[in-house]
Amino acid sequence: MSQPLCIMLVAAEASGDDRGAELMAALKRHLGRDEVRFVGLGGERMAAEGLSSPFDMSELSILGLLEGLMAYRRVVRRAEEMAALARRERPDIAILIDSWGFTLRVAQRLKAQTPELPVVKYVAPQVWASRPGRAAVLAKTVDHLLSIHTFDAPFFEKVGLPTTFVGNSTLSLDLSAADPAGLRRRLAIAPDAPVLIVLPGSRRSEIERVMPPFEDAVALLKAARPDLQVIVPAAATVADTVRARVAGWPHRAHVVEGEADRHAAMKAATVALACSGTVTTELALAGVPMVVGYRLGPVTYTILKRLIRTDYVTLFNIAAQEFVAPELIQGACNGPALAREVALRLDNADLRQAQVAAQDAALDKMGRGGPDPSEAAALAVLEILGRSGA
């Protein structure tokens, strides 16, 4: 009797955990549950699909150059652990999901210690935005790239890295089961009450830098609008930190956890105040007008400002090549400025409607409606292995 296929997956942040879990489910559909086993690193969603992680991935959710330098020894130690896991478990393939700094170090060690192991990178570094030299670095350390953007391939194929476009799984988000009315009832929020949802990020470093100006903005908005209801969906990686901070707010806010409540909160929202990241695409899919804020460490920002080659940080703004949603970055990400932009949208239904329509058009430019990315990724993995799915 043949041994089950062993697949190693490594994810180090919430969006990677989502993609990893969806890929695992797709692979099980094609191969059969008993014909594949998974090893590696992930979060709650990948654990639910059957992956047991040797440590909490949240300790690797690092943002910024200075923070990265401070965490370097920990990152290297954990990368060595991943390489040791591969030597012990002898997977048939390794799939490294997003998280450029950590997964690059894992890839380098896998290539050095298990050179026969096929290594696949799932989600390309954004070389079209900054640091194009990373394409050549990646080409030397992995065997194949699964990209989520149609414009990725030329950057990597020209340096010899085979690339398969599989699409962005976020664009396939199904919100049909979301129950905004049920969430409002459970939180004792009236059906017609305005709702602001606040999404401060999924990394601890994001909470530290973004939450203070978000808190200032919410305080200003609540002072002017006592009837405004505030919901804070907390990512599992930072839920304790978010709950502790919100508990100290002078006004009431509802912290919710879990995918179902997060989706319901999005559908219930009048406006969103969001940290830049995957969640902005999810909000656009939910039809929520938003204001995007982001802060980096001062050293990181100074360096990246010289490297960035795009005017936008939000993916649907990049697709539209305009500020469909306002982006308040670094010094502009402050309480009064954020509150002003949110207030404009709370008070103007026409502005909300126009922004939602523009976000919707940008989603089409991003490739919404294409094949299921997790299915495409699973088929690409099976092709690399020379296997066929059911």
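For the structure itself, consult the block above.
Before going into details, it helps to say that this report is about the structure given with it.

**Quick notes on the pattern of salt bridges**
Per the counting criterion, the structure on display carries 19 salt bridges. Notably, a salt bridge pairs Asp143 with Lys111, separated by 2.7 Å at the nearest N-O pair. Separated by 32 residues along the polypeptide, Asp143 in the loop between helix H6 (134-141) and strand S5 (144-147) and Lys111 in helix H5 (residues 100-113) bring together distant segments of the chain. On the accessibility criterion, Asp143 (35% relative accessible area) is partly exposed. Linking Glu206 and Arg203 is a salt bridge whose minimum nitrogen-to-oxygen distance equals 2.8 Å. Arg203 matches Glu206 in its accessibility class, with the two residues each being buried. The structure contains a network of salt bridges with shared partners spanning Asp18, Glu22, Arg45 and Glu259.

**Looking at helix H12 (residues 278-285)**
Counting buried positions along H12 yields 7 of 8 residues, so the element is predominantly enclosed. Every buried residue of H12 is listed here: Val279, Thr280, Thr281, Glu282, Leu283, Ala284 and Leu285. Contacts made by the buried residues of H12 are with strand S7 (195-199), helix H11 (259-268), strand S10 (271-275), strand S11 (290-294), helix H14 (315-320) and helix H16 (349-365). In the stretch just after H12, Gly287 is the one whose phi turns positive, near 75°.

**Some points on H16**
Taking 1.5 Å as the rise per residue, H16 with 17 residues should run 24 Å; its terminal C-alpha atoms sit 25 Å apart, in good agreement. Buried residues of H16: Arg352, Gln355, Gln359, Ala362 and Leu363, and no others. In a view along the axis of H16, the buried residues occupy a sector of 105°, so they form one face of it. Opposite the buried face of H16, by more than 90 degrees, sit the exposed residues Asp350, Gln353 and Lys365.

**Thoughts on the sheet that holds strand S2 (residues 36-41)**
Ordered by their spatial adjacency, 6 strands build an open sheet running S2-S1-S3-S4-S5-S6, and the pairing between neighbours is parallel. Only two strands of the sheet have a single neighbouring strand rather than two, namely S2 and strand S6 (163-165). Taking the axes of each pair of neighbouring strands and ignoring which way they run, one obtains an average angle of 20° across the sheet. Pairing of strand S4 (residues 119-122) with S5, which is carried by 3 bridges, proceeds in the parallel orientation. Within S5, the residue paired with Val120 across the bridge is His144.

Conventions and cut-offs
Residues numbered from 1 in each chain as written. Predicted model: local features only at pLDDT ≥ 70, side-chain atom pairs only at ≥ 80, totals over all residues. Heavy atoms only, no water. Salt bridge = Lys/Arg side-chain N within 4 Å of Asp/Glu carboxyl O. Helix = DSSP H or I, 4+ residues; strand = E, 2+ residues; numbered from the N terminus. Buried < 20%, exposed > 50% of the residue type's maximum accessible area, 1.4 Å probe, protein only. Contact = heavy atoms within 4.5 Å. Expected span 1.5 Å × (residues − 1). Arc of directions from axis to C-beta. Pairing = 2+ DSSP bridges. Axes fitted to C-alpha atoms, helices over the stretch in contact; angles between N-to-C directions.

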